[in-house]
Amino acid sequence: MRHLTSLLLLALLAVGTDATAQITYLPSTGCQNAGQTPITGVPRIGTTLTVGSDQLPCNSPGTSGFVLLSLTCALVPPLSIGCFNNPCVLVDPQLIFTKAILISVPIPIPNDRTLIGFKFCVQGGCINTFPSSCFAPLNQVAQIQVTA
């Protein structure tokens, strides 16, 4: 886990422009009627965001929570991998964090002014092992822009 966090920090250090802070949830991503990917914290340099997967059924025994992280914010066209048989759009991840039941991933943002304006995307979800028509419920993708 620390190795993946280190890779993220190196990738975040590679890019930056001026802009204001924001977390924007991308419409028509995740499953139909999906909740927003849970995020706590403010995307400022020198702070840590926490991204989670705590939606139903992703907080139940027998599931495996995951957080997808994309440094390009590229989206995969609609798939039928879950979402109660509705096609869903997910972020194309460069890093995938997983844990049994649910996961909460800390994303430290280095105190480096060159990161101001850098955008990346995250999405929470889970693998559902209960018999149902929803195999991999996904939350809405959040696009995060770093600020000072």
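A. Fine view of the state of the cysteines. For the structure shown, the criterion picks out 1 disulfide. What pairs with Cys73 in a disulfide is Cys121, and their sulfur atoms sit 2.2 Å apart. Taking the sign of the S-S torsion, about 105 degrees here, the bridge from Cys73 to Cys121 comes out right-handed. Of this pair, Cys73 sits in the loop between β4 (63–70) and β5 (75–79) while Cys121 sits in strand β9 (residues 119–128), placing them 48 residues apart in sequence.

B. Just the pairing of β4, in detail. Taken across its 8 residues, β4 has 7 buried, putting it largely inside the fold. Note that β4 and β9 share 8 bridges and pair antiparallel. Within the sheet, the bridge partner assigned to Ser64 lies in β9 and is Ile127. Alignment of β4 against strand β7 (residues 95–100), held across 6 bridges, turns out to be antiparallel. The residue of β7 that forms the bridge with Ser64 is Ala100.

C. Highlighting the nonpolar core. Membership of the largest hydrophobic core comes to 20 residues, with the highest contact counts inside it found for Ile39, Leu49, Leu69, Ile107, Phe120, Val122 and Val146. Other than its neighbours up to four places away in sequence, Leu49 contacts Ile39, Thr40, Gly41, Val42, Pro43, Val105, Pro106, Ile107, Ile109, Phe120 and Ile144. Counting residues in hydrophobic clusters, the runner-up holds 12 residues, among them Cys31, Leu68, Cys121 and Leu138.

D. The packing of aromatic side chains, seen in detail. For the structure shown, the criterion picks out 1 aromatic pair. Taking 6.1 Å as the distance between ring centres and 25 degrees as the angle between the ring planes, the aromatic pair formed by Phe118 and Phe120 counts as stacked. Phe118 sits in the buried class, given a relative accessible area of 6%.

Calculation criteria
- Residues numbered from 1 in each chain as written.
- Predicted model: local features only at pLDDT ≥ 70, side-chain atom pairs only at ≥ 80, totals over all residues.
- Heavy atoms only, no water.
- Disulfide = S-S within 2.5 Å.
- Helix = DSSP H or I, 4+ residues; strand = E, 2+ residues; numbered from the N terminus.
- Buried < 20%, exposed > 50% of the residue type's maximum accessible area, 1.4 Å probe, protein only.
- Pairing = 2+ DSSP bridges.
- Core = buried A, V, L, I, M, F, W, Y, C linked by side-chain atoms within 4.5 Å.
- Contact = heavy atoms within 4.5 Å.
- Phe/Tyr/Trp six-rings, centres within 6.5 Å; stacked < 30°, edge-to-face > 60°.

By themselves, these figures tell us nothing about what the structure is for.
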